[in-house]
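As a plain string of letters, each chain reads:
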Amino acid sequence: MLATAALGLMTVFPLVWMLVISLKPASDVFTPSLIPEQPTLGNFLYVLTEVPFLRYLFNSFFVSATVTVAALFFHSMAGYSLARLRFPGRDILFLAMFSTFLVSLPVIIVPLFILTRTLHMLDSYAGLIIPAIFNAFGIFLLRQYYLSLPRELEEAAIMDGASYWRIYWSIILPLSRPILSALAILFFLANWNAFLWPLTITSDLNLWVVQVAIANFKSQYAAAWNYVMAASTIVAVPMLVLFVIFQRQIMESIKTSGLK
Amino acid sequence: MHADEMKSPAAGAKSARGLTAKQRERYAAWLFVLPDALGLLVFVGVPMLLSLAVGFFEVNGFGGYRFVGLGNYRRMWSDPLFWSSVKVTVAYAVMLVPALYAAGLGLALLVQKTNRFNAVMRSMFFAPQMVSLVVVALVWQLMLVEKVGIVSRLAPLVGLSGISLLGDPNLALFTLVLVSVWFLMGFYMLIFLGGLQDIPAEYYEAAKIDGAGPVTSFWYITLPLLKPTSFFVLLVSLVAAVAGGQVFDLIYVMTKGGPVNSTSVLIIYIYKQAFQFGAFGYASAMASLLVLALMLVTVFFFLLTRGGRFEHD
Amino acid sequence: MTDKTTLNRRRLIQGGATFAAAGLTGFPFINRMALRAQEAPLKFWQFYAPGGDVKPQVQWFEKLVADWNDGHDQKVELEYVVNSEYISGSKLATAFASGEGPDIFLISPGDFLRYYNGGVLADLTPHIEDAAKADFPESVIANRMVDGKIYGVPMEVEPMAFYYSVKAFEEAKLNENDVPKTWDELLAVAKKLTTPNRYGVLFETTPGYYQNFTWYPFLWQGGGEFQGKDGKSAFDSAATVQALKLWQDAINTGVAPRQVVGGGFDIVANLGAGLCAMQSCGIWGISAMDNNAKDVPYGIFKLPTPANGKYVTVGGGWAFVANAGGKNPDASAQFCAWALASMDQGSIDRVVNWCTVAKSDMPPRNSALKAGADVFSTGKFGTFAKEIHPGTRAEPRVPPEAYKIISDAIQSAQLGGVDAQQAATAASQQLDAFLASYSGAPIL
C-alpha cells in the first residue's frame, strides 16, 4: 500500500509541480521548494487579462462536445451493424474501416486540408468538427462490446417484427450506456487536447482552441515559466475538475465496459 | 427504386414490400454503417489514397508534380536518415510496448481490489491522461532544465549527476520512453482492470485450494485468461508507438528529433521531409510504406485472433 | 395533411436549390474566380499581429496595413500565425502545397531558395525605383536577389554577438575588460563562470536552421565555406574542423549546456533567467532583455576569433515577399515595395520605426541608418553599429537538403561526440553528391 501510494504521488508530481510554479513569482521558478514562499495569484491574473483564454476555452468545449456526441451516435450505429447484422463483405468492410486507425494525421494532412478547403470548411467550426468525428478506434471498441452481448437479446424483438432501428434504439443503445460514457470521456479528452488540425485550418483568432492558444503563449513567453505554467494550469484545470467530480463514474464505466 | 427499399427496415416499416428477411437485414446493416463508412472514406480513405498516389511523384510543395514511378521508394533504400529513423522507431517501440504492458498490468494488479484507497490511486495513475501533450511537454521541459530543473536537482540524490536527460543522444530516447509511459500507462491500467474483472473469482479460489501461490495463479490463470486484453493492448500500444499522434506531439515539442537525430522516429522524419523540405512526394511514399507495414501487422493480429474477436481459447 | 405535403415540397425545392448552389460554389475554380472578381483582401501572413504579444510590433503592422488600405483599392489584411509554427511548423507548407498560400508573407534567407525554386516568389524589381535599390547595401540585399532581380525586401538586419551577465562576471571577479577576444579565452572565461547552477556559455543545441545560422560565423572566421568557387563542397577543411571542435569542446568541458530552454535565440529564458553567463544571440536580444529582464544587467561583445582567423559575424533577418501565384501578385509586389523599399519618407520612417521602436535591429537601408542616427549611435545599439555590424556577412541561403547535411555535422560533433574531422569529411561527401544534382538558383 505504501508502495502504491508512493507510485501514485510520483505520477501526479509533474502536475503538482505545474501548479506550484504557477503560484510562484518569476524569481522563484528554479528554487526547489514545493511550497511557494510567497504564493501569488498574480500569474493567473496576468494570463487571464493578457489572453482571452475564456473564449478559447469555449471554442474547445463547443468543438469537443459536438464531436463527441456525433461520434458516439455514428460509431454506435456502425458498431451495431458490424457486430450483430449479417451482410456480405462485412469482415472486409470492418478491416477496411479499422485500417484507417493506422493512418495518423501528419501523414494525410495536406490532402485533408485540400479536401476541407474544397468543402468550404476552412476557418470554420465545421472544419474543426466534421473531420474529427470519424475515428476507427471508437468503432472498433463499440464493435467489440456489441460482439459480447448475448444473441437472445434481439431475437425476440426480431420475431415480433421490430425494425432494426427499433432494436438499435430501444435495446442496443440503452445497453451501451457504460461503454458510451467511457468513450464520451475518451473522445472529449482527445478533442480537447487536439492541436495540429485546429492549428492548420484556423487563421481567425476567434476560432482558436486552447491548445493553439497555449502553444502561442509558450512561443511568446518561453522565458516566463510562471506565466506559462499558469496558462497550462488554466488549460488543464477544466479537464482535471471534471475528472475529480466524475472520477468514480469515469473509472467504473471504462473498467466495466470491458474495452478489450 | 432502391432508395425506397432501403428506407423500409430502418424506418420501421413492416417487412412487406417483397423483401426477404435476409435482404432486410442486409439493407439495414448498410444504412447503419453508411455515415461512418462515408465519413472515414472521405476524411481518411481519400486523403490516404491521394497520399499513396503522391508517393509516385516528385513534388516541390508549390503545385509542381513530376512522375517518378518508384523513384521515391528507391531513394529510401539509399537514404541513411530513413534507415536511422526506422531504427529509432523500432527501438522506441521495443522499449515502449513492453513497458506499457508491464506498467499497465502492474498498476492494474496493484489497485485491483475495490476500495476507497485504490479508487484514489487509480485516479492518480490516470491523471496524466487528462492533460494535453502540449502542456505535458512544457512541464517536463521545465523539470528537465539542466542543472536547476527539479529533476536535475534531484538526480544527484540517486547518484546521477551532471547528466542531460534530453541533451544526451544516448539518453534522450530513453527519457522520452519514460515520459510516454508516464503519460499513457493510466489508460492501459484501466483496460487491464476491465480484463481482470472478467476472470471469475472461483478460478483463484480453486487454485488456492490446490495450494497454488500468487505467482502460480498469475502464470496459470491471470495471464492466459488475459489473452484477449493482452492482444488488444499490444496492438493498440504498438500502433500508438509507431504512428500515434500523441507520440508525435510529445517528441515534436520536447526534442524535435534531436539531439543528433537520436529521437527522430519515422513520423518525425516524414513530417520534416514534408513540411521543412517541401518533399511531399518522398514523405508520402514513406508514409504509405509505414501504413502498409502497420496493416500487415494488423492483418496478422486479426488472423491470430480470428477476426479481432479476441475470444477465449 | 395537404398543408404538410406542400410544405414538404417547398422545402424540398428550397433544399434542392441550396444544394445546387453549394455544388456550384463548391467547385473550386469558379469559386476562386468569384473571389478574384470581388477583389478580396490580400492576405498577409506573419507572426507579429494581431495575435502577437509585443504591443509596438502589433501597432507597427496594423498601421502599415491601415496606411496602405487608405490609399489603395486592393486592400490588405493581416493574418497571424503562431510564431513557433510559422518558423518550423507545417502551417505555411500545408497552405502552399494546396494552393492556398498567403499573398504576402515573410521569409528568412534559409527559406529563400525553396520558395524561389518553387516559382512562388514574385519579382519586386519593377516596383522599386533605382535610388531605393541603391539604398540597400549589397551585403543585405544579395541573398534576396537572383539574376539582378529583387525577390524580397528585407525588413531588418540581425547580426549575432555575445551577451554576458554583469552579475555573473562580478561573481567570478571579472569585469568588462575580461571579455574574451579569442576562442581560447572564450572557453577559459566560460570555465570561470560555470557554477553548479549556471553554465559559462551557451550555443544553440536544438537542430534547425537557427542552429546552423549561429554556427556559420565560426566557420567563416577561419576562412571556411561550405561551397567553393568551383561549385563543389569546400566543407572538408581545417576551418570547418576547428569550428565544429569549438562547440564540441564547450560541451565536453562542461561549460556549455546540452539542452537550451525555449531555443538558443531566447536570451531572456537562458541568460536572463541566470542559466548561463554568456550567450550567443542576435541584436534582438537588446529589446528582449530591456523589456522582459529589466533587472538583469548585461553587456555585449563581438564574437571572439580563432588564433588564425579574422572577425566576421552573420546577419539574419526576415523579408517581405509576394506570392507569384496569389490573388493579385502585382498588387502584392507593389505592397512590399511601397512598405519598405520606397524613397518616400514614410517608407524610410517605417524601417527606422521597426528597427528602433518595435524591435532592436540594424536597419537594412543606408537612408534609415542616417535617419535614425541618434538612436543607432548610442548605447548598446552603438556597440552593434560601430563594433559588431561592420563585420556582418549575410546569412547564406542554403537549400533544405544542404541545411540538413550541415545540421547533422554540427549535431554529431557538438552533442554526439563524433570526431570533428570525421563529421566534416562525411558531410562534405554528402554535400558533393547533393550539389552535383542541384539545379536551381545559385546558392550564396
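As shown above, the structure is provided for reference.
What this report covers is the structure whose coordinates are included nearby. Keep in mind it's a predicted model, so treat the numbers as computed, not measured.

Residue and element names in this part refer to chain C. Taking strand neighbours across the sheet as the criterion, the five strands line up as S2-S1-S3-S12-S6 in an open arrangement whose pairing is mixed. Each having just a single partner strand, strand S2 (76–80) and strand S6 (153–154) make up the two edges of the open sheet. When strand S1 (residues 42–46) meets strand S3 (residues 104–107), the two strands line up parallel, connected through two bridges. Each bridged residue has a counterpart across the sheet, and for Trp-45 the counterpart in S3 is Phe-105. Across the sheet, helix H3 (residues 55–71) is in contact with S1, S2 and strand S12 (319–322); its angle to S2 comes to roughly 160°.

Bringing the nonpolar core into the picture now. Ranked by internal contacts, the top residues of the largest apolar core, which has 206 residues, are Phe-53, Tyr-80 and Met-229 of chain A together with Val-136 and Met-254 of chain B. If one sorts the elements of this core by residue count, helix H8 (residues 172–197) of chain B sits on top with 17 residues. Two domains each provide a minimum of three residues to this core, namely domain 1 (1–46) and domain 2 (72–304) of chain B. Leave out the neighbours within four places in its chain, and Tyr-80 of chain A touches Leu-85, Tyr-146, Glu-154, Tyr-164, Ile-167, Tyr-168 and Ile-172 of chain A together with Phe-32 of chain B. By size, the runner-up hydrophobic cluster in this structure holds 145 residues, among which are Trp-68, Ala-161, Leu-186 and Ile-406 of chain C.

All names here are of chain C. On strand S11 (residues 313–316), burial covers both faces: Thr-313 and Gly-315 on one face and Val-314 and Gly-316 on the other are all buried. Of the strand pairs in this sheet, strand S7 (residues 158–165) and S11 are connected by two bridges, and their pairing is antiparallel. Its bridge partner being in S11, Glu-158 is matched across the sheet by Gly-316. Here S11 pairs with strand S13 (residues 392–394) via three bridges, running parallel. Following the sheet pairing, Val-314 is matched in S13 by Arg-393.

What follows deals with a nonpolar patch on the surface. The grouping of Val-237, Val-241, Leu-242, Ile-245 and Phe-246 of chain A at the surface amounts to a nonpolar patch, some 410 Å² of accessible area in total. Looking at the secondary structure, you find Val-241 of chain A in helix H13 (residues 225–256).

With the rule as written, the count across this model stands at 19 salt bridges over all chains. A salt bridge links Glu-100 of chain C to Arg-117 of chain A, with the nearest nitrogen and oxygen atoms 3.5 Å apart. Residue Glu-100 of chain C is located in the loop between helix H5 (91–97) and S3, and its partner Arg-117 of chain A is located in helix H5 (residues 105–118); the two belong to separate chains. Here Glu-100 of chain C falls in the partly exposed class, since its relative accessible area comes to 28%. In this structure, Lys-63 of chain C engages Asp-67 of chain C in a salt bridge whose closest nitrogen and oxygen atoms are separated by 2.9 Å. With Lys-63 of chain C and Asp-67 of chain C both in helix H3 and four residues apart, the pair spans about one turn of that helix. By relative accessible area, which is 27% here, Asp-67 of chain C ends up partly exposed. When salt bridges with common partners are traced through the structure, they connect Glu-156, Glu-158, Lys-359 and Asp-361 of chain C into a single cluster.

All names here are of chain C. Within the element layout of this structure, Ser-377 appears in the loop between helix H18 (373–376) and helix H19 (379–388). A sequence separation of 184 residues divides Ser-377 from Leu-193, and the C-alpha atoms of the two residues are 31 Å apart. Those residues in contact with Ser-377 that sit more than four places away from it in its chain are Gly-382 and Lys-386. Polar contacts involving the side chain of Ser-377 include one to the main-chain carbonyl oxygen of Ala-373, which spans 2.7 Å.

Turning to the packing of aromatic side chains, a few remarks are in order. Any two aromatic rings considered together are summarised by their centre-to-centre distance and by the angle between their planes. Enumeration over the complete set of coordinates arrives at 90 aromatic pairs over all chains. With 6.0 Å between their ring centres and 10° between their planes, Trp-165 of chain A and Phe-32 of chain B make a pair best called stacked. Here the residue Trp-165 of chain A occupies a position in helix H9 (residues 164–175), and Phe-32 of chain B occupies one in helix H2 (residues 21–54), the pair thus bridging two chains. Assessed through its relative accessible area of 3%, Phe-32 of chain B is described here as buried. An aromatic cluster of at least three residues, connected via ring pairs, comprises Phe-44, Phe-47, Tyr-48, Trp-60, Phe-61, Trp-68, Tyr-86, Trp-318, Phe-320, Phe-335, Trp-338 and Trp-354 of chain C. The ring of Phe-94 of chain A is capped by Arg-143 of chain A, whose NZ or CZ atom sits 3.7 Å from the centre of that ring. Sitting above the plane of the Trp-338 of chain C ring, Arg-350 of chain C keeps its charged end 4.2 Å from the centroid.

All names here are of chain B. Between helix H4 (residues 80–110) and H8, the least distance of the axes is 6 Å, while the angle of their chain directions is 40°. As judged from the angle between their axes, H4 and H8 are oblique. Our pair here, H4 against H8, has a crossing hand that is right-handed. For the contact of H4 with H8, the per-class residue count stands at 25 nonpolar, two polar and no charged.

Rules used in this analysis
Residues numbered from 1 in each chain as written. Chains lettered and ligands numbered in written order. Predicted model: local features only at pLDDT ≥ 70, side-chain atom pairs only at ≥ 80, totals over all residues. Heavy atoms only, no water. Pairing = 2+ DSSP bridges. Helix = DSSP H or I, 4+ residues; strand = E, 2+ residues; numbered from the N terminus. Contact = heavy atoms within 4.5 Å. Axes fitted to C-alpha atoms, helices over the stretch in contact; angles between N-to-C directions. Core = buried A, V, L, I, M, F, W, Y, C linked by side-chain atoms within 4.5 Å. Buried < 20%, exposed > 50% of the residue type's maximum accessible area, 1.4 Å probe, protein only. Domains from an automatic or database assignment. Patch = residues over 30% accessible without salt bridge, like charges linked within 9 Å, V, L, I, M, F, W, Y side chains within 5 Å. Areas by Shrake-Rupley, 256 points an atom, 1.4 Å probe, with all protein chains shown as cover. Salt bridge = Lys/Arg side-chain N within 4 Å of Asp/Glu carboxyl O. Polar contact = N/O pair within 3.5 Å; in protein donor to acceptor, adjacent residues only side chain to side chain. Phe/Tyr/Trp six-rings, centres within 6.5 Å; stacked < 30°, edge-to-face > 60°. Lys NZ or Arg CZ within 6 Å of the ring centre and 35° of its normal. Parallel < 35°, antiparallel > 145°, perpendicular 65-115°, else oblique. Left-handed = near helix turned anticlockwise from the far one by under 90°. Nonpolar A, V, L, I, M, F, W, Y, C, P; charged D, E, K, R; others polar.

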